[in-house]
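One letter stands for each residue in the lines below.
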Amino acid sequence: MDLSDSAEDAEFRARLREWLGKALPTLPPQPSPDDWPARRAYDLGWQRTLYDAGYGDVHWGASPTVRLIFLEETEKAGAPYVGAGFVGLLHAGPTIAAEGTAGQRERWLPPILRGEEVWCQGFSEPDAGSDLAALRTRAWRDGDDYVVSGSKIWTSHAEVADWCELLVRTDPDAPKHRGITWLAMPMDAPGITVRPLRTLAGSAEFAEVFLDEVRVPVGNRVGEENDGWRVTMVTLSFERGTAFVGEVVACRRVLGELAREARSDGRWDDPALRRRLGRLNAEFRALWRLTQWNVSEAQTTGGLPGVAGSVFKLRYSQARQELYDTAADVLGDASLDLDHPWTRDRLSSLSYTIAAGTSQIQRDIVAERILGLPKGR
Ligand SMILES: Cc1cc2nc3c(=O)[nH]c(=O)nc-3n(C[C@H](O)[C@H](O)[C@H](O)COP(=O)(O)OP(=O)(O)OC[C@H]3O[C@@H](n4cnc5c(N)ncnc54)[C@H](O)[C@@H]3O)c2cc1C
């Protein structure tokens, strides 16, 4: 596998770097992390800027190699994170691009790319997290609509979302994986109640969503009725396999900042700290190489990331926690300051081994689907 830039890639990288150098200084200041409407406006504004400059569709319109260069260069330059665009750009959009009809792609993809619409993910339920196929939110046909009742939980960005990629049970008598359907639900439909949940870091980034006879047009179904589990696997392969890769570059940046901080006040003399930083550096370099490998493998399987995404997700989520634990040690007492970005990131890093499938579930997937071990459950 050749991991060096082709001539075309190198040209893309140089052009992007030059553009970022001009575009980033013109950005408005970042809003408070707790002000979600302002964050939505800021994140969509940045996506619009990317779109106007011809980079809007890089997450799924470009080749995977170009996408990685984009993530690498934007992170290195300190460009804004995808933020409220996470679900739309990184997994709902790619799912619609892969599984939607021409009309659905036409309806939903351009507004995501132009930074006009935010998506959220309504998969988890109070009794269906790791065992997602146990979901009970019910949908039944009434003319040209599905009527949906039930509840979802941990729905990130629900408060500011226009659309929800929603899993519903359309056949309660079928085996649990076979009676599920993937719908695009407009978040302004009557019958939806969003109740924000506050996290450890104080921010209401996710919510409970209650659905009381919400009407969703049959035309908003992606894939066939009762074939939603297969579509869900496509969504999760993007969520686990590619959605977090830009953050690896960000972690390498933080690692550099940590080393500088430690050098500035004598803590660098501690060999144990230097060893931790060195090991983390090796971890994140290896994760970046793994990402490149996954991406080049995906190129040979029609662009869909495979189960190797679980290997990445498993190791990345743990390495991220170790990084911010080390940051807390370097910061000392200052790590108690909730306004310090490393402290916030440390608290949110705790969720990484849970979100998008827990570490135990990723280990099951690696054991069964990569190593071929017998099913544990
Ligand atoms: C920050 C964050 C954002 C999220 N955003 C969204 C979102 O936008 N949309 C959405 O739908 N969901 C979202 N989630 C939910 C997430 O997908 C679930 O929390 C996750 O799948 C785990 O489900 P659970 O919380 O119900 O835990 P449970 O499934 O109840 O698991 C509890 C514990 O039991 C372990 N366990 C369960 N089953 C097994 C098994 N078979 N073998 C071994 N161990 C097992 C788990 O690993 C875990 O440690 C988010 C979660 C977080 C933390």
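Residues numbered from 1 in each chain as written. Predicted model: local features only at pLDDT ≥ 70, side-chain atom pairs only at ≥ 80, totals over all residues. Heavy atoms only, no water.

### Comments concerning the site of the ligand
Note the following rule: Throughout, near means a residue has at least one heavy atom within 4 Å of the molecule or strand. For the purposes of these results, a polar contact is taken to be a pair of N or O atoms within 3.5 Å, where, inside protein, one atom must be able to donate a hydrogen and its partner to accept one; residues adjacent in sequence count only when each atom of the pair is a side-chain atom. Residue-level accessible areas treat just the shown protein chains as cover; the underlying method is Shrake-Rupley with a 1.4 Å probe. Working definition: helices are DSSP H or I runs of at least four residues, strands are E runs of at least two. Numbering for both runs from the N terminus. Following the grouping adopted for this structure description, the nonpolar residues are Ala, Val, Leu, Ile, Met, Phe, Trp, Tyr, Cys and Pro, the charged ones are Asp, Glu, Lys and Arg, and the polar ones are all others, Gly among them.
As a structural note, the neighbourhood of the ligand is formed by 18 residues, with Q121, S124, S130, W154 and T358 the closest of them. Between the ligand and S124 there is a distance of 2.7 Å, counted from an oxygen atom to a backbone nitrogen or oxygen. One of the backbone N or O atoms of W154 is found 2.9 Å from a nitrogen atom in the ligand. When the ligand sits alone it has 980 Å² of accessible area, and the protein chains cover 67% of it. Listing elements by their share of the shell around the ligand, those giving two or more residues are β3 (145-156) and α11 (359-370). Of the residues in the shell around the ligand, the class split is seven nonpolar, nine polar and two charged.

### A closer look at the packing of helix α9 (residues 308-331) against helix α10 (residues 341-349)
Note the cut-off: Between the N-to-C directions of two axes lies an angle of 0 to 180 degrees, each axis being a line fitted to C-alpha atoms and, for a helix, fitted only over the stretch in contact. Helix crossings get a hand from a simple test, with the near helix turned counterclockwise from the far one by less than a right angle marking a left-handed crossing and a clockwise turn marking a right-handed one. Note on contacts: a residue pair is in contact if any heavy atoms of the two residues lie within 4.5 Å.
Their axes nearest at 9 Å, the elements α9 and α10 cross at an angle of 145°. Of the two elements, α9 crosses α10, and the hand of that crossing is left-handed. On α10, the residues touching R320, Q321, Y324, D325, A327, A328 and L331 of α9 are W342, T343, D345, R346 and S349. Its residues assigned to classes, the contact of α9 with α10 comprises five nonpolar, three polar and four charged.

### Points about the nonpolar core
For soluble globular proteins, nonpolar side chains are generally found buried alongside one another. Filter applied, for reference: As used in this record, nonpolar core signifies buried Ala, Val, Leu, Ile, Met, Phe, Trp, Tyr and Cys residues forming a set joined through side-chain atoms within 4.5 Å. Burial classification: accessible surface area is computed with a 1.4 Å probe over protein chains only, and a residue below 20% of its type maximum counts as buried, one above 50% as exposed, and the rest as partly exposed.
Core analysis: the largest hydrophobic core is formed by 69 residues, its most contacted members being W119, F284, Y316 and L323. Per element, the largest residue contribution to this core is nine residues, and it comes from helix α7 (residues 245-264). Each residue touching W119, except ones within four places of it in the same chain, is listed here: A84, V87, G88, A92, I96, W108, I112, A161, W163, C164, E165 and A184. Membership of the second largest hydrophobic core comes to 23 residues, among which are A84, C120, A139 and Y146.

### Notes on the pairing of strand β2 (residues 138-142)
As a reminder, the rule being used: Pairing between strands is defined by DSSP: at least two bridges between the two strands are required.
Pairing of β2 with β3, which is carried by five bridges, proceeds in the antiparallel orientation. Looking at β3, one finds that D142 is bridged to D145. Following β2, the chain reverses through two residues before pairing antiparallel with β3; G143 in that reversal takes a positive phi of roughly 65°.

### Brief notes about the packing of helix α3 (residues 64-76) against α7
Between α3 and α7, whose axes approach to 9 Å, the crossing angle comes to 35°. For the element pair α3 and α7, the recorded crossing hand is right-handed. Here R67, L68, L71, E72, E75 and K76 of α3 come into contact with α7, specifically with V245, G246, V249, A250 and R253.

### What about helix α2 (residues 36-52)?
Definition in use: An expected span of 1.5 Å times one less than the residue number is assigned to each helix.
Compared with an ideal rise of 1.5 Å per residue, which puts 17 residues at 24 Å, α2 spans 24 Å between its outermost C-alpha atoms and is within 8% of the ideal. Within α2, the full set of buried residues consists of W36, Y42, D43, L44, W46, Q47 and L50. On its buried side, α2 packs onto α1 (7-23), α3, α4 (86-99) and α5 (102-113).

### What about the side chain of K152?
Structurally, K152 can be placed in strand β3. Look at K152 and you get buried, because its relative accessible area is 2%. Side-chain polar atoms of K152 contact the backbone oxygen of G122, separated by 3.4 Å. In this structure the side chain of K152 is engaged in a polar contact, spanning 2.9 Å, whose partner is the side chain of E125. In this view, K152 contacts G122, F123, S124, E125, T137, L166, L167, A207, E208 and V209; residues no more than four positions away in its chain are not counted.

### A word on a nonpolar patch on the surface
Which entries qualify depends on this criterion: To count toward a patch, a residue needs a relative accessible area over 30% and no salt bridge; like charges are then connected within 9 Å, while nonpolar side chains (Val, Leu, Ile, Met, Phe, Trp, Tyr) are connected within 5 Å. Just to be clear on terms, a salt bridge is a Lys or Arg side-chain nitrogen sitting within 4 Å of an Asp or Glu carboxyl oxygen.
Residues V311, I370, L371 and L373 make up a contiguous nonpolar surface patch of roughly 340 Å² in combined accessible area. Within the secondary structure, L371 sits in the segment after α11. We classify L371 as exposed; its relative accessible area is 58%.

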